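# Residue-level structure breakdown
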Amino acid sequence: MRRETPESAEIELDGRRCVDFCSNDYLGLAAHPQVVEAFIDAARMHGVGARASHLVTGHQALHEALERELAAFTGRERAIVFSTGYMANLGLARALARREDAVYGDELNHASLIDGGRLSGAKLHRYPHVDVAALEQQLAAQESGTALVLTDGVFSMDGELAPLPALAAACSRHAAYLAVDDAHGLGVIGETGRGSLEQFGLTPTQVPALVGTFGKAFGTFGAFVAGSEDLIETLIQRARTYIYTTALPPAVAAATRAALAVSIAEPWRRERVLALTRRFRELATAAGIKLGPSETPIQPILLGSAEAAMRASNALLERGFFVAAIRPPTVPADTSRLRITLSTAHRDAEVEGLVAALADVVSPE
Ligand SMILES: *Cc1c(COP(=O)(O)O)cnc(C)c1O
């Protein structure tokens, strides 16, 4: 698979050109010239690898600078970078919950939050999707230990927002600690792109831990946790996926700084992907295609069986559109789907073409 031109959503797949409707490069930053330049310059200056873990000599000035900028961006005291979002979530859960504690997670949480809860050694409770009342019953039944609640901010396979104000209120009533993984919200939603917490106007007191990833809207690689001084110190001391792994390459930190700066300086990128999302929804609805409630660039079309989703995905590819079929175990049985993601890099005509193709491929029988 090869990108034909920077800031285009065209890829070449098995020798044929098609439009990519399944990347998470929402703002079109993965191949942005400033981001690429920052990466190359930093690699020339500092080399490709970080050479060691953060606590030895791997943590460099570029990581420090990125962490300061992330703390400012998220309005929190401090931030810490991890090498991936998967590792950030494993490290966070393990650092905050011990055997005598309990971890609660939405049943549709990203796999890394579920695995984080499992590996923490604490008792793991999964509550029915966005069911805050069910979560509260579980919290009320906990007899001892601390309670850690983990949720996606934007659910990665559905595109819908978690009911964060209600979750924060429930956590406050039960003295539970709330951590939100906003991998798909940061850079995209909220008045100024600060993600789902900004969208709902939630403070660091209500949501003490915020996880973000760089591989989605920021177009690079890696992740971070933002929170209080105390939280970040705890992670440095206890997050095993921070301590026992090679630091993020400094050039990736440099590229991420550039991507963050571009995302702030060019709000039109966010406005454009959201406008394209609205356009897609209008056109698809007019064409009789059934959509979910998502208002984010993640637009799933539920088809039920894995076979139906695969057939639709293949038929779209024939028409020049690459849309992944998402099947169990990534999603629950009988909810196989096409997961369409929109990007600033898409042209209007590409979105129109996709809807026309979808109308052929998935119209009700
Ligand atoms: C992609 C994603 C992750 C994992 O991030 P990586 O940096 O790719 O490991 C974690 N949480 C959510 C919600 C994600 O969508």
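Here the structure is a predicted model, which means the values were calculated and not measured.

All told, the structure shown has twelve salt bridges when counted by the stated rule. Here Glu229 ties to Arg78 by a salt bridge, and the two come within 3.2 Å at their closest N and O atoms. Taken as a pair, Glu229 in helix α9 (residues 229–238) and Arg78 in strand β4 (residues 78–82) lie far apart in primary sequence, 151 residues in all. By relative accessible area, Glu229 is classed as partly exposed at 39%. On the accessibility criterion, Arg78 (24% relative accessible area) is partly exposed. Between Asp158 and Arg337 there is a salt bridge, with the nearest N and O atoms lying 3.1 Å from each other. One end of the pair, Asp158, is in the loop between β7 (147–152) and α7 (164–173); the other, Arg337, is in strand β14 (residues 336–341), and 179 residues separate them in sequence. Comparing Asp158 with Arg337 shows no difference in burial state: the two are buried. A network of salt bridges, in which partner residues are shared, links Arg78, Glu229 and Glu233.

Those residues of helix α6 (residues 132–141) lying buried are Val132, Ala134, Leu135, Glu136 and Leu139. Elements in contact with the buried residues of α6: β5 (102–106), β6 (123–127), β7 and α7. Here α6 starts with a cap whose side-chain oxygen sits 3.4 Å from the backbone nitrogen of Ala133, and that cap is Asp131.

Procedures and definitions
Residues numbered from 1 in each chain as written. Predicted model: local features only at pLDDT ≥ 70, side-chain atom pairs only at ≥ 80, totals over all residues. Heavy atoms only, no water. Salt bridge = Lys/Arg side-chain N within 4 Å of Asp/Glu carboxyl O. Helix = DSSP H or I, 4+ residues; strand = E, 2+ residues; numbered from the N terminus. Buried < 20%, exposed > 50% of the residue type's maximum accessible area, 1.4 Å probe, protein only. Contact = heavy atoms within 4.5 Å. Polar contact = N/O pair within 3.5 Å; in protein donor to acceptor, adjacent residues only side chain to side chain.

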